[in-house]
Amino acid sequence: MRLAGKKIVLGLTGGIACYKVAELTRGLTKAGASVQVVMTPSAMQFITPVTMQALSGNTVYTDQWDARIHNNMPHIDLTRDADAIVIAPCSTDFIAKLAHGACDDLLSTLCMARPHHVPLLIAPAMNVEMWLNPATQRNVAQVKADGIQVLGPAAGEQACGEVGMGRMLEADQLLTEIIASFQAKTLTGKSVLITAGPTFEPIDPVRGLTNLSSGKMGYAIAQAAWEAGADVTLISGPTALDTPYGVRRITIQTAQQMHDSVMAELAARHQSVFVAVAAVADWRVANASPQKIKKTSDNDTPQLQFAQNPDILASVAALTNAPFCVGFAAESENLLEYGTAKRAKKNVPLLVGNIGHHTFGKDENELILFDAKGHTTLPRADKQTLAHRLIQEISRRLSK
Ligand code: C5P
């Protein structure tokens, strides 16, 4: 319930992308927000107020002369207790109105009359040529300069059959952007590098050694870091998870590839924080076969030899100008003792301990943070909540 207690005024203007906003409304209400829908006459050509009322659970307003509001001023009353106004889809025409302060219907008048502390977020949706038109680009620059947050648009196939910039973001992406808009931007201007997931060490072309890490914790931390304003790169082993919105993901297979990829990213640009969440295999098969190993007789077993993988976290922590390094420790017992010892061994300022079989593949976890002063517990919660707490802890330490 990341939007619990928030009131969102959701404005729809004319565009095919109105159909995506039905889904967005569900997402907003599921996340705990109350949603007040306002529609322009053009929006009603694409989706009906009936649908939007049913999904939001609130009366939909479409007319600035609507007498159902007690003082007959919906353009004032609807935003006075709002936490944000979101216009999705936001048409070319509506951006022009916002840029010029025009107000000739309820939604544009409501935007002009919004209290200065209520953020306005717009999700443009239009044909590529309309988006690229210099008039639109001028208007977009103007609304940005006026403090309006512009979400997207994305590039891709458009309803008109043309291809390019102007597609509205998907409902889940908009939801992530709206949730992020309420987060403290404690990592703005910072780059964060994260490893996540398991590694896969080949035995032959079709077999390998891996572990039960799902990647969920690392991906949640990547999302939380992006929501805090960071530029995030996620170097991930094979997982079934979608790339977190706003995050750059590099997918690798082996520990050696993860090591090389981390070092290349650190060489390419300064990283403020490195969070090693990946469950990296300690050993790789030194004599991996280029062909599939065949079973030749019933008693025959392959003779695998092992070589140690590089310790990525320890190598990064040992660099001169190392980023602020955060390690993870998955133990099966004696977490306090092993966590304290591991932080010292890896030489990192912060180590996050958890019990492996309580976290691998699960949606919830409990974390213990070890630093030079001792340890503190982040009590059991879903991994998103824990990721946000951890990012707060990292931000606090960075700002010291
Ligand atoms: O030594 P151990 O594997 O328990 O250490 C766990 C921490 O070290 C995690 O942060 C993990 O991502 C990192 N690690 C690493 N490279 C390795 C092994 C572990 O970065 N080869």
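Up top is the structure these notes are about.
Reading the values: the criteria
- Residues numbered from 1 in each chain as written.
- Predicted model: local features only at pLDDT ≥ 70, side-chain atom pairs only at ≥ 80, totals over all residues.
- Heavy atoms only, no water.
- Phe/Tyr/Trp six-rings, centres within 6.5 Å; stacked < 30°, edge-to-face > 60°.
- Helix = DSSP H or I, 4+ residues; strand = E, 2+ residues; numbered from the N terminus.
- Buried < 20%, exposed > 50% of the residue type's maximum accessible area, 1.4 Å probe, protein only.
- Expected span 1.5 Å × (residues − 1).
- Polar contact = N/O pair within 3.5 Å; in protein donor to acceptor, adjacent residues only side chain to side chain.
- Pairing = 2+ DSSP bridges.
- Contact = heavy atoms within 4.5 Å.
- Axes fitted to C-alpha atoms, helices over the stretch in contact; angles between N-to-C directions.
- Patch = residues over 30% accessible without salt bridge, like charges linked within 9 Å, V, L, I, M, F, W, Y side chains within 5 Å.
- Areas by Shrake-Rupley, 256 points an atom, 1.4 Å probe, with all protein chains shown as cover.
- Salt bridge = Lys/Arg side-chain N within 4 Å of Asp/Glu carboxyl O.
- Core = buried A, V, L, I, M, F, W, Y, C linked by side-chain atoms within 4.5 Å.
- Domains from an automatic or database assignment.
- Near = heavy atom within 4 Å.
- Nonpolar A, V, L, I, M, F, W, Y, C, P; charged D, E, K, R; others polar.
- Parallel < 35°, antiparallel > 145°, perpendicular 65-115°, else oblique.
- Left-handed = near helix turned anticlockwise from the far one by under 90°.

> Would you explain the packing of aromatic side chains in this entry?
Each aromatic ring pair is specified by the distance between its two centres and by the angle formed by the two planes. As enumerated under the stated definition, the model contains one aromatic pair in all. On the basis of an interplanar angle of 85° and a centroid distance of 5.2 Å, the ring pair of Trp-226 and Tyr-245 is categorised as edge-to-face. With Trp-226 in helix α9 (residues 216-227) and Tyr-245 in the loop between β11 (231-236) and β12 (248-251), this pair connects stretches of sequence that are 19 residues apart. A relative accessible area of 16% means that Trp-226 is categorised as buried.

> For this particular structure, what's the right way to read helix α7 (residues 134-145)?
Count 3.6 residues to each turn of an α-helix, and residues three or four apart come out pointing the same way. Its 12 residues give α7 an end-to-end C-alpha distance of 16 Å, which sits within 8% of 16 Å, the value for a rise of 1.5 Å per residue. The backbone nitrogen of Ala-135 lies 2.9 Å from a side-chain oxygen of the residue at the head of α7, namely Asn-133. Within two residues after α7, Gly-147 carries a phi angle of roughly 95°, on the positive side.

> Is there a simple way to explain the sheet that holds strand β1 (residues 7-12) in this structure?
Sheet architecture is open: five strands sit in the order β2-β1-β3-β4-β5, paired in parallel fashion. The open sheet has two edge strands, β2 (34-39) and β5 (149-150), and neither has a second partner. Sheet topology note: the β1/strand β3 (residues 84-90) ladder contains four bridges and is parallel. The residue bridging Gly-11 from the neighbouring strand is Ile-87, located in β3. Along the sheet, helix α8 (residues 171-181) contacts β1, β3, β4 (120-124) and β5; its crossing angle with β4, the most-contacted strand, is approximately 160°.

> Honestly, a nonpolar patch on the surface in this entry has me stumped. Any pointers?
A cluster of nonpolar side chains, namely Ile-16, Tyr-19 and Phe-46, defines an oily patch on the protein surface of about 340 Å² accessible area. Structurally, Phe-46 is set in the loop between β2 and α2 (49-56). For Phe-46, a relative accessible area of 42% gives the class partly exposed.

> Could you clarify how one ought to interpret the nonpolar core in this entry?
Side chains that are nonpolar tend, in soluble globular proteins, to be buried together. In this structure, Leu-10, Leu-12, Leu-24 and Leu-28 are the most contacted members of the largest nonpolar core, which totals 69 residues. Looking at which element gives the most residues to this core, the answer is α9, with eight residues. Shared between two domains, this core holds at least three residues of each, these being domain 1 (7-181) and domain 2 (191-398). Each residue touching Leu-24, except ones within four places of it in the same chain, is listed here: Leu-10, Ala-88, Ala-171, Leu-174, Leu-175 and Ile-178. Listed in part, the 26 residues of the second largest apolar core include Ile-69, Ile-95, Leu-98 and Met-126.

> What should I look at first to understand the site of the ligand in this one?
Taken together, the residues surrounding the ligand are Ala-276, Val-277, Ala-278, Val-280, Pro-310, Asp-311, Ile-312, Leu-313, Gly-327, Phe-328, Lys-342 and Lys-346. Within the backbone of Phe-328, one N or O atom sits 2.8 Å away from an oxygen atom of the ligand. Between an oxygen atom of the ligand and a side-chain N or O atom of Lys-346, the distance comes to 3.0 Å. If the ligand stood free it would expose 450 Å²; the protein chains cover 87% of that surface. Of the residues belonging to the shell around the ligand, the class tally is eight nonpolar, one polar and three charged.

> Quick question: what am I supposed to make of α8 here?
A large share of α8 lies buried, amounting to eight of its 11 residues. Of the positions making up α8, those classed as buried are Ala-171, Leu-174, Leu-175, Thr-176, Glu-177, Ile-178, Ile-179 and Ala-180.

> Honestly, the sheet that holds strand β18 (residues 364-371) in this entry has me stumped. Any pointers?
Backbone hydrogen bonds are what pair the strands of a sheet, in a parallel or an antiparallel way. The mixed open sheet is built from eight strands, whose spatial order is β12-β11-β8-β13-β16-β17-β18-β19. Looking at which strands have only one partner, the edges of the open sheet turn out to be β12 and β19 (374-382). The sheet shows a mean angle of 20° between the axes of neighbouring strands, direction not considered. Sheet analysis places strand β8 (residues 191-196) next to strand β13 (residues 273-276), joined by four bridges and oriented parallel. For Ile-194, the partnering residue across the bridge sits in β13 and is Val-275.

> Looking at this model, I keep getting lost on the packing of helix α1 (residues 18-30) against α8. Mind explaining?
Across the interface, α1 lies against α8 with an axial gap of 8 Å and an inter-helix angle of 45°. The orientation of α1 relative to α8 falls into the category oblique. Of the two possible hands of crossing, α1 and α8 adopt the one that is right-handed. Contacts between α1 and α8 involve Lys-20, Glu-23, Leu-24, Gly-27 and Leu-28 on the former and, on the latter, Ala-171, Leu-174, Leu-175 and Ile-178. Of the residues in the contact of α1 with α8, the class split is six nonpolar, one polar and two charged.

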